[in-house]
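# Examining the three-dimensional arrangement
One-letter residues, chain by chain:
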Amino acid sequence: MFNRWADTWLDPGYRSWTIEPTLRAVSCPVLVIQGEPDPYGTLAQVDAIRRGVGGAVDTLILERGGHARHASMPDEVLTAMARFVARLTDGAR
């Protein structure tokens, strides 16, 4: 499965593909969690989401943890998620 996914994303036909034009349609609050040492994602993607999403965007940038921060840093990720949801349910937004 991974090889099929990777082959698709590495195919030259996908080099120009971007989700950025559709981000404006996202109007719900978004929590973006990204690590600086992520071999599959960059802070530029976080910036594009922040600029492009039509609703509020919160970000958490972690200095470690690799690509699967929910697995490698569960306490930090769950804490951020709980705070994000609490603000939404408390009507603070």
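Position labels on residues start from 1 in each chain and follow its written sequence. Under the rules for a predicted model, residues below a pLDDT of 70 receive no local features and side-chain atom pairs below 80 are neither given nor counted, while totals for whole chains, interfaces and linings still include all residues. With hydrogens and water set aside, each side-chain value is computed from the structure's full complement of heavy atoms.

### Some thoughts on the layout of surface pockets
Using only the protein atoms, space was sampled on a 1 Å grid; points where a 1.4 Å probe fits but cannot get out form cavities, open sets with protein on both sides within 12 Å along at least five of seven lines form pockets, and lining residues are those with an atom within 4 Å of a point. Grid points are joined across faces, edges and corners, and a volume is the space filled by probe spheres set on the points. In this model, the largest pocket occupies a volume close to 640 Å³. Considering the residues around the largest pocket, the lining is formed by 19 residues, among which Trp9, Trp17, Ile19, Tyr40 and Gln45 are closest to the centre. If you list the elements that add at least two residues to the lining of the largest pocket, you get helix 1 (2-10) and helix 2 (43-52). Secondary structure follows DSSP: runs of H or I at least 4 residues long count as helices, runs of E at least 2 residues long count as strands, and numbering of each begins at the N terminus. Looking at which element gives the most residues to the lining of the largest pocket, the answer is helix 2, with three residues. Classifying every residue of the lining of the largest pocket by side-chain character gives ten nonpolar, six polar and three charged. Only Asp, Glu, Lys and Arg are considered charged in this grouping, and only Ala, Val, Leu, Ile, Met, Phe, Trp, Tyr, Cys and Pro are considered nonpolar; every other residue, Gly among them, is considered polar.

### Considerations on the environment of Cys28
By the secondary structure assignment, Cys28 is in the loop between helix 1 and strand 1 (30-35). Residue burial is assigned from relative accessible area. The probe radius is 1.4 Å, only protein chains are included, and a residue is buried under 20% of its type maximum, exposed over 50%, and partly exposed in between. On the basis of relative accessibility, which here comes to 45%, the residue Cys28 falls in the partly exposed class. Taking the C-alpha atoms as reference, Cys28 lies 8.7 Å from Val53; in sequence the two are 25 residues apart. Residues count as neighbours in contact if any of their non-hydrogen atoms are within 4.5 Å of one another. Every residue in contact with Cys28, bar those within four places of it in the chain, is listed here: Gly55 and Ala56.

### A short note on the packing of aromatic side chains
Two descriptors summarise a pair of aromatic rings, namely the distance from one centre to the other and the angle between the planes of the rings. The criterion for an aromatic pair is that two Phe, Tyr or Trp rings (for Trp, the six-membered ring) have centres within 6.5 Å, with stacked assigned to planes under 30 degrees apart, edge-to-face to planes over 60 apart and tilted to the rest. One pass over the structure, following the stated rule, counts four aromatic pairs. Ring geometry for Trp5 and Tyr40: centres 6.4 Å apart, planes at 70°, overall edge-to-face. One end of the pair, Trp5, is in helix 1; the other, Tyr40, is in the loop between strand 1 and helix 2, with 35 residues separating them in the sequence. Three or more aromatic residues joined by ring pairs form one cluster here, namely Phe2, Trp5 and Tyr40.

### Thoughts on the pattern of salt bridges
The term salt bridge refers to a side-chain nitrogen of Lys or Arg lying within 4 Å of a carboxyl oxygen of Asp or Glu. Under the criterion given, the structure shown has two salt bridges. When the shortest N-O distance is used, the salt bridge between Asp47 and Arg50 registers 2.9 Å. Residue Asp47 and its partner Arg50 are located together in helix 2, separated by three residues, close to a single helical turn. Asp47 gets classed as partly exposed once you look at its relative accessible area, which sits at 33%. Note on Arg50: relative accessible area 39%, which makes it partly exposed. With a shortest N-O distance of 1.9 Å, Asp58 and Arg87 are connected by a salt bridge. In this pair, Asp58 sits in strand 2 (residues 57-62) while Arg87 sits in helix 4 (residues 74-89), placing the two residues 29 residues apart along the sequence. Judged by relative accessible area, Arg87 falls into the partly exposed class, the value being 33%.

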